[in-house]
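An overview of the molecular structure
Single-letter residue listing:
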Amino acid sequence: MNIAQLLNVIDFALFLPLYLGVFLVASFLFKPLSYGVFDVGWIVIAAQSVGVTLVVYLDLSVYGYPSSQAIFIFFSLLCFLFGARVTQSAFLYIRPQRPQYTAESVAMLATLKHLWLILAILQALILALLLIRASIQGLPILAADPELAKVEVNSGGFGLITRILTPSVTLAFSIIFLLQGLGHLRGVRLLLAMLPALVALLASGSKGAVFTVLVSYTAVQAYLMGFVQCYKPPNSARVVIYVAVGILGYVAVVLLLRAIGTGEDDPWLFVMTTFVVRLIAFGDGVFYYFINDLYRTLSFEPFDYMWDYILAPLLALIRLIDYPVSLGLKISDAMFGHEKLGPNPTMFVEGYAYFGALGGLFYTACLGMFFQIVRSNVFSRFRNVTAWHFVVFALLFSLGQVVASDMLMFHAELINSMLL
């Protein structure tokens, strides 16, 4: 049973209260770490709570009680948040506050001057890469199957475009939001500055690409709260409204384009159904792995993790070996007999598959520590404000949001950022 079929049998009268319970527990632990209601970290917690709820719900539906795997997944989420909380407490105790500057200080103005130049280079780079892809390969959003096209455009040596384009868009948005937050971009100029990055997001055909904007926005708010004296973030309620409208509008446009491209009879029904399935699909890797007993057959050793997630991607990048089949693709192959598209395994599956139950809990706690290290900008505590520092922080902050979803994606994006 795939996620789309599962949607037809879920009793939401039971599923939604379970989900709210899991999310509330996770929210209680995450709230002290949040930068505000707009923090993209809330989406990370909400997404991981879906996987926990799916397994618990299906266990209750079939057995009447949660299985040991469901208990493991729930405690893995708690360990992740506990690791983040412990790290935050340690930072507050052992490290001094970073130096702060006024918005018009010499150091800050020099930083903004350099960032303006970097933004201009990024915009030209993004447009050039899009033109190359459109003229030679076509754009994924215009393909008959955009999901498959997102993978196929990376073949034949053109994966380098994606490697450079992805962090370029993230960094461009981050610089734009920093300039906007300090009053250097407003109105039409702001929209024009965003245009190349927005076109790149839409052309990708990815429904989740819009979260790049929110990640960049949160990174900038975190940066300004830490470095600029007396900085007050914008009204949270207004930001949430803008974010919700922006995300829903973007997803609707992408799905409508897909519906038209595939010849759907009722495009809006396709949009609504696909959107709900995508929300449930935040837990697809956990669902396939645990509910379908793949944890009995897809299990590995800790050394395999070092090879699959660190060594092999580096060797494959310089073409010494072929890219290995990822855990998500192995799950897809076991479920559907193909290795073209696979789910994000999430930290629950990675931990259990490579380290077992107890080791998996330790693994998720370590990911929580790393998640908080990156988000709290530990690398800048003893440094002055510079354009280079902002670039590093913005990219690392964005990478930190994927550690709970897919560490292979994290390693790939880290390499991409280094290439940029």
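Details of the structure are given in the entry above.
Residues numbered from 1 in each chain as written. Predicted model: local features only at pLDDT ≥ 70, side-chain atom pairs only at ≥ 80, totals over all residues. Heavy atoms only, no water.

1. What to know about the nonpolar core
Where we set the bar: Here the nonpolar core consists of buried residues drawn from Ala, Val, Leu, Ile, Met, Phe, Trp, Tyr and Cys, with membership extended through side-chain atoms lying within 4.5 Å. The rule is simple: take the accessible area with a 1.4 Å probe, protein chains only, and divide by the maximum for that residue type; under 20% is buried, over 50% is exposed, in between is partly exposed. Think of it this way: any DSSP run of H or I at least four residues long counts as a helix, any run of E at least two long counts as a strand, and we number them from the N terminus. The contact criterion used throughout is that any non-hydrogen atoms of two residues lie within 4.5 Å.
With 56 residues, the main nonpolar core has F80, Y289, F290 and I331 as its most contacted residues. Elements represented by at least two residues in this core include exactly α2 (12–30), α3 (41–62), α4 (68–94), α12 (284–291), α13 (302–317), α14 (327–336), α15 (346–375) and α17 (407–419). With eleven residues, the top contributor of residues to this core is α3. Each residue touching F80, except ones within four places of it in the same chain, is listed here: I45, M347, T364, A365, L367, G368, F371, V403 and A404. With 53 residues, the next largest nonpolar core counts V213, V215, V220 and L395 among its residues.

2. With respect to a nonpolar patch on the surface
Applied cut-off: Surface patches are defined over residues having more than 30% relative accessible area and no salt bridge, joining like charges when they lie within 9 Å and nonpolar side chains (Val, Leu, Ile, Met, Phe, Trp, Tyr) when within 5 Å. Each accessible area is a Shrake-Rupley estimate made with a 1.4 Å probe; only the visible protein chains count as cover when residues are assessed. Counted as salt bridges are all cases of a side-chain nitrogen of Lys or Arg within 4 Å of a carboxyl oxygen of Asp or Glu.
Taken together, V188, L192, L195 and V199 make up a surface patch of nonpolar side chains, about 380 Å² in accessible area. L195 sits in the partly exposed class, given a relative accessible area of 46%.

3. So, the environment of V44
The residue V44 is located in helix α3 in this model. Linking V44 and V403, residues 359 residues apart in sequence, is a C-alpha distance of 9.4 Å. If we ignore the near neighbours within four places in the chain, the residues touching V44 are Q401 and A404.

4. Topic: α15
Note that an α-helix has 3.6 residues per turn; residues three or four places apart therefore point the same way. Threshold: Expected span of a helix, by definition, is 1.5 Å for each gap between consecutive residues, and there is one gap fewer than residues. Think of it this way: the bend at a residue is just the angle between two axes, each fitted to seven residues, one set ending at that residue and the other starting at it.
An ideal rise of 1.5 Å per residue puts 44 Å on 30 residues; α15 reaches only 19 Å between its terminal C-alpha atoms. Of all the bends in α15, the largest measures some 130° and sits at F355.

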